[in-house]
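# Structural description and commentary
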Amino acid sequence: MQIWVDADACPQAIKELLFRAAARAQVVTTLVANTLVRTPSSPFIRTIRVPKGFDGADHRIVQEMQPGDLVVTADIPWPPRSSNAEATRSTPAASSTPRTTSGSGWPSGT
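Residues numbered from 1 in each chain as written. Predicted model: local features only at pLDDT ≥ 70, side-chain atom pairs only at ≥ 80, totals over all residues. Heavy atoms only, no water.

Secondary structure summary: the protein chain contains 2 helices and 7 strands in total. Mapped from its N terminus to its C terminus, the protein chain presents α and β elements in the order β-α-β-β-α-β-β-β-β. Within the protein chain, buried positions represent 41% of all 110 residues. For the protein chain, long-range pairs separated by at least 24 residues make up 34% of all intrachain contacts whose partners lie at least 6 apart in sequence. Looking at the protein chain as shown, the accessible area adds up to about 6,200 Å², and 54% of this sits on carbon and sulfur atoms. (Helix = DSSP H or I, 4+ residues; strand = E, 2+ residues; numbered from the N terminus. Buried < 20%, exposed > 50% of the residue type's maximum accessible area, 1.4 Å probe, protein only. Contact = heavy atoms within 4.5 Å. Areas by Shrake-Rupley, 256 points an atom, 1.4 Å probe, with all protein chains shown as cover.)

Here it is, written out as structure tokens:
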């Protein structure tokens, strides 16, 4: 499992929580953004910079994610554009409900 973060609009407090969780659980966490993202030095945290443009981070995450990965994004709706996309989606908002995507590429559940 890997954690993917659409870091362009992700609040700093959420990023810091994810940094601590990645180190504690030893899970690779990748922040994808079209700007420079500052991260602590850790073998479990990496960044990918994408070109500026509409949904660039989302497109890259969908290309890279694997079944079982966790995707953190504030984009709603979040339809993966991959036929093998099976990942759990969560938003940075504390009141959100994680949604699992099916192989059809559209969110299922509530």
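Formed by 13 residues in total, the largest nonpolar core has its most connected members in Ile3, Val5, Ala7, Leu31, Val37 and Ile45. Listed by contribution, the elements that provide at least two residues to this core are β1 (3-6), α1 (12-25) and β2 (29-33). At 3 residues, the largest contribution of residues to this core is made by α1. Residues in contact with Ile45, not counting those within four places in the same chain, are Phe19, Ala22, Thr29, Leu31, Thr39 and Pro40. In this structure, Val32, Val50, Ala57 and Met65 belong to the second largest nonpolar core, which totals 8 residues. (Core = buried A, V, L, I, M, F, W, Y, C linked by side-chain atoms within 4.5 Å.)

Opposite charge on two side chains permits them to pair, given that their charged atoms come into close proximity. Applying the stated rule across the entire model yields 1 salt bridge. For Glu64, the salt bridge goes to Arg60, with nearest N and O atoms at 3.1 Å. Taken together, the residues span about one helical turn, with Glu64 and Arg60 both in helix α2 (residues 56-64) at a distance of 4 residues. Arg60 sits in the partly exposed class, given a relative accessible area of 27%. (Salt bridge = Lys/Arg side-chain N within 4 Å of Asp/Glu carboxyl O.)

Let's shift gears to the side chain of Asp69. The topology assignment puts Asp69 in the loop between α2 and β4 (70-72). The side chain of Asp69 is buried and forms no salt bridge, while Arg46, the nearest opposite charge, is found at 8.1 Å. Polar contacts involving the side chain of Asp69 include one to the side chain of Trp4, which spans 2.9 Å. In this structure the side chain of Asp69 is engaged in a polar contact, spanning 2.8 Å, whose partner is the backbone nitrogen of Gln66. (Lys, Arg positive; Asp, Glu negative; His and termini not counted. Polar contact = N/O pair within 3.5 Å; in protein donor to acceptor, adjacent residues only side chain to side chain.)

Glancing now at the environment of Leu18. If you trace the backbone, Leu18 turns up in helix α1. Given the relative accessible area of 10%, Leu18 is considered buried. Sequence separation between Leu18 and Thr29 is 11 residues, and the spatial gap between their C-alpha atoms is 7.7 Å. Ignoring any residue separated from it by four or fewer positions in sequence, one finds Leu18 in contact with Ile3, Val5 and Thr29.

Most of β2 sits out of view: 5 of its 5 residues are buried. Burial along β2 is two-sided: the residues Thr29, Leu31 and Ala33 and Thr30 and Val32 are all buried. Relative to β2, β1 is paired through 4 bridges, and the arrangement is parallel. By the bridge assignment for β2, Trp4 is matched with Thr30. Crossover connection from β1 via α1 to parallel β2: handedness right-handed. (Pairing = 2+ DSSP bridges. Right-handed = clockwise from strand over helix to strand, strands pointing away.)

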